[in-house]
Amino acid sequence: MQNNQRYLVTAALPYANNHLHIGHIAGAYLPPDIYVRYMRMKGEDVIFICGSDEHGTAIEMAAIQEGIQPREIIDRYHFSNKKAFEDLRIDFDIYSRTSNEVHHKTAQEFFLNLHEKGILFTKSEKQLYSEKEKRFLADRFVTGTCPNCGYENARGDECENCGSNLSPLELINPRSKITGDTPVVKESTHFHFPLDKYQEKLEEWLKSKNGWKQNVMNYIKGWMKTGLKERAITRDLEWGVKVPLEGYDGKVLYVWFDAPIGYISATKELFELRGDADGWKRYWLDNDTKLIHFIGKDNIVFHTIIFPAMLMAHGGFILPENVPANEFLNIGGQKQSKSRGTGILVKDIVAKFSADSVRYALAASLPENRDSEFSWEDLQARNNNELAAILGNFVNRTVVFAKNKFGNKIADRTESTPESEDLFRYVSSQAELTGKLIEEFRIKDALSEAMNVARAANKYFNDTEPWKLIKTDKEKCGSIINDCLRVCFSLAVIFRPFIPGASDKILGILGIDTASITWKDASNPAIPAGAELGENMILFPLIEDEEIKPAEKQKEEVTSSAEDKTEDGLITIDDFRKVQFKVAEVLECEKVENSRKLLKLRLKVGDKEKQIVSGISEYYKPEELIGRLIIVVDNLKPSKLMGIESHGMLLAAKSGKELKLVTVDGNIAPGAEVN
RNA sequence: GCCGGGAUAGCUCAGCUGGUUAGAGCGUCGGAAUCAUAAUCCGUAGGUCGGGGGUUCAAGUCCCUCUCCCGGUACCA
């Protein structure tokens, strides 16, 4: 057989600033794992590549906020996510990371290749620069007042309040999110990639692609219609792949440029580990290789437009054969979101349920055509009503029967019946159908067809009634049980891509070596009559209601606590409303004796008076404050400072050694609400 | 605002270029069976395919419009 075909399968590189949730798994990792397992059993030459995407602003910012090095952030999530994949038995040939030396080198070479060809061009742009930190501030590092609605904490890229898109330069009174200082406008020069020049070539290439999913094509059309635009491929940032040219200190490759190159670097690394340093070329530079990117829909542009354009520009590389992007998996109608901290994390779900159960439940509701829903009840129902009741039960009833009636040995098959032949014809055609569906990336349908085999198997058991036959015709009964055991083998093969754990167990019971299993075994399940069966076991323990309920509660807790403290420090309007700010007039003010910086203030808030203690005597003298209107938090839980009760706190802005009271712009009655 | 996507049985979803009584799984209800993790098998009920209008011999499927949800993207004060 002269099949030179090779497959290079990639799964989106997870960004190493958060833990993976099951939406990621359903979108971009479980489908390729199933696909790859199947293709391997079919005897195809496949490599399966993934790794952590570890550069970019968000990681640098997270590090600054936590006061640690980016390295610590990426290590935390790289290893956590690597383990999450292992726990779910998602078996990459390599799970690499873009902080690796081989990646930096590969990305730099790629950049230089384009640069030397004169494809890239430079352009200078005005950007905000922090003198204090000696660095340019990325959009997300800046906050300020929105020029449209006046919201004071608008982000550099958009205003959360009115939804307008902003550039940091538009912000009124911009501040660094890190130090709070005011940045200045400064020119910065960046390399750009002329994506617009590749539009025609891309469109032509895409035209030749049939069999791509409709949703993917729709996204592409949208982008093409608006017209592609040049894109900056460098940034002013510390954390990333350095621009490998003189005079570009402090600049790194933009993360979207370096990340997809990670697929190439990871492949290089894989073959280095295999002692075949040039092996990666067979996969990336050879037209006999089919490159398949599994991703979520948020990544479609990068994998169908930007990265292919980069590969075209570089030359020599193959372009993707298909990009079967999935939609999103929601939970209770709610989007799972890293940045909002909602969603069910892999590490939490595998702590509680088996990889097989989770894989099955997710595979059964993959968001292949549109966003889909996942719930804990779903997981329970899938496990109990399908895995346990249909598949698990069939294997169990067969094995138990063989054990009780045939001395735990594989009975002889002495005769064949039309029913038996029908059954195996069906098994064989279902195996073919399941495989075909997997190859078409219709994993959900494939799984459903696989389960139909187990249904047919149960029906065969029911219809042939071996429990009756054993009393009248043990030989014929033995043939039936032999059939059933062989179907168990077929089931182990057909289900193997989806639930490898259970497949191993079934094959273990049957005493079959798992190493040499091929897809063809599903149609030709050969088991040695007379051989002793291994120890039976329950493949899928039932999931009780109690196991689901705490999980639900847990989920709610996660969600609600996440609302209070989200990744980028955002709160909801409801959170804000909890705090009652009021205008207060300072009636009396005196220094607290023996304290270094405490002042005791007597305030008039509406028609009541209250006392607060505040640590501002280093900045304000008591007499300066009397008569002034200030802003206080009115509903703060009272506390004692140096034995003196304080019933609130005043607001003041602090920067370095400066502190200024927050006041109101003009006269207003004390007690007025601030919002 | 503009562009795109979605709205199909109680639930989760399939329905390609328009064509017989709109499908599957789960759940419901009834029956058979009792080897098996009270697990199986057979059957039943259940939908004016988001609302309205149109094209057609024929529309869930095409066109228009409206409502709601989700993405993307532009701008005004």
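Definitions and cut-offs
Residues numbered from 1 in each chain as written. Chains lettered and ligands numbered in written order. Predicted model: local features only at pLDDT ≥ 70, side-chain atom pairs only at ≥ 80, totals over all residues. Heavy atoms only, no water. Helix = DSSP H or I, 4+ residues; strand = E, 2+ residues; numbered from the N terminus. Buried < 20%, exposed > 50% of the residue type's maximum accessible area, 1.4 Å probe, protein only. Contact = heavy atoms within 4.5 Å. Areas by Shrake-Rupley, 256 points an atom, 1.4 Å probe, with all protein chains shown as cover. Near = heavy atom within 4 Å. Polar contact = N/O pair within 3.5 Å; in protein donor to acceptor, adjacent residues only side chain to side chain. Nonpolar A, V, L, I, M, F, W, Y, C, P; charged D, E, K, R; others polar. Core = buried A, V, L, I, M, F, W, Y, C linked by side-chain atoms within 4.5 Å. Phe/Tyr/Trp six-rings, centres within 6.5 Å; stacked < 30°, edge-to-face > 60°. Lys NZ or Arg CZ within 6 Å of the ring centre and 35° of its normal. Salt bridge = Lys/Arg side-chain N within 4 Å of Asp/Glu carboxyl O. Expected span 1.5 Å × (residues − 1). Pairing = 2+ DSSP bridges. Right-handed = clockwise from strand over helix to strand, strands pointing away. Domains from an automatic or database assignment. Buried area = accessible area lost by both parts, 1.4 Å probe.

(A) Quick peek at the overall build of chain A. For chain A, the count of helices and strands is 20 helices and 26 strands. Here chain A holds 675 residues, and 53% of them are scored as buried. Restricting to contacts in chain A with at least 6 residues of sequence separation, those with at least 24 account for 73%. A total of about 31,100 Å² of accessible surface is found on chain A, and carbon and sulfur atoms cover 47% of it.

(B) Structural view of the protein's contact with RNA strand B. As a structural note, the neighbourhood of RNA strand B is formed by 33 residues, with Arg370, Ser372, Glu373, Arg397 and Asn462 the closest of them. Backbone sugar and phosphate groups make up 71% of those atoms of RNA strand B lying within 4 Å of the protein. In this structure, a sugar or linking oxygen belonging to RNA strand B sits 2.8 Å away from a side-chain N or O atom of Asn393. Arg455 has a polar side-chain atom sitting 3.0 Å from a sugar or linking oxygen of RNA strand B. Mapped onto the surface near RNA strand B, the elements with two or more residues apiece are helix H6 (214-226), strand E16 (372-374), helix H12 (376-405), helix H14 (443-464) and helix H15 (466-472). The residue inventory of the surface near RNA strand B, partitioned by class, reads 11 nonpolar, 11 polar and 11 charged.

(C) Looking closely at the nonpolar core. With 164 residues, the main nonpolar core has Tyr29, Tyr35, Phe193, Phe257, Phe374 and Leu391 as its most contacted residues. Excluding residues within four positions of it along the chain, Tyr29 makes contact with Ala11, Ala12, Leu13, Pro14, Leu20, His24, Phe48, Cys50, Phe85, Ile90 and Phe92.

(D) Spotlight on unusual backbone geometry. In this model, Asn408 sits at a positive phi of 60°, which is unusual for a non-glycine residue. Turning to its location among the elements, Asn408 is positioned in the loop between H12 and helix H13 (418-439). Under the relative-accessibility criterion, Asn408 is labelled buried at 14%.

(E) Spatial organisation of the packing of aromatic side chains. Inspection of the entire model under this criterion finds 26 aromatic pairs. Summarising the aromatic geometry, the rings of Trp256 and Phe257 are spaced 6.0 Å apart at their centres and angled 80° between planes, so their arrangement reads as edge-to-face. With a relative accessible area of 8%, Trp256 lands in the buried category. Put simply, the rings of Phe110, Tyr254, Trp256, Phe257, Trp284 and Phe317 pair up and form one aromatic cluster. Seen from the ring of Trp280, Lys268 lies directly overhead, with NZ or CZ sitting 4.9 Å from the centre.

(F) How the structure looks around the pattern of salt bridges. One pass over the structure, following the stated rule, counts 34 salt bridges. The partner of Lys42 in a salt bridge is Glu44, and the shortest N-O contact between them spans 3.9 Å. For Lys42, a relative accessible area of 37% translates into the label partly exposed. The salt bridge partner of Arg442 is Asp445, with a shortest N-O separation of 3.0 Å. Overall, the relative accessible area of 33% leaves Asp445 in the partly exposed class. Linked through salt bridges whose partners overlap, the residues forming this network are Asp33, Arg37, Asp91 and Arg359.

(G) Expanded view of H14. Along its 22 residues, H14 runs 32 Å from first to last C-alpha, staying within 8% of the 32 Å computed at 1.5 Å per residue. Where H14 terminates, the next one or two residues include Glu465, which has phi positive at roughly 45°.

(H) Focus on the pairing of strand E2 (residues 45-52). For E2, the tally of buried residues reaches seven of eight residues, placing the bulk of the element in the interior. Relative to E2, strand E1 (residues 6-11) is paired through five bridges, and the arrangement is parallel. Counterpart to Arg6 in the pairing with E2 is Asp45. In terms of handedness, the path from E1 via helix H1 (residues 22-41) over to E2 forms a crossover that is right-handed. Inspection of the sheet shows E2 paired to strand E3 (residues 94-97) by four bridges, in the parallel sense.

(I) Region of the structure containing the domain arrangement of chain A. Taken as a whole, chain A is organised into domain 1 (6-111 + 256-335), domain 2 (115-236), domain 3 (376-522) and domain 4 (567-674). One C-alpha centre belongs to domain 1, the other to domain 3; they are set 35 Å apart. Each partner contributes to the interface: domain 1 provides 13 residues, whereas domain 3 provides 16 residues. Both sides of the domain 1 and domain 3 interface together cover about 1,300 Å² of buried area, and 75% of this is carbon and sulfur. Among the residues domain 1 hides against domain 3, the three largest losses belong to Ile34, Tyr38 and Met41. Together they make up 53% of the total. One can count two salt bridges joining domain 1 with domain 3. Across the salt bridge formed by Lys42 and Glu439, the nearest N and O atoms sit 3.0 Å from each other. In this assembly, domain 1 and domain 3 are joined by four residue pairs in polar contact (both at pLDDT 80 or more).

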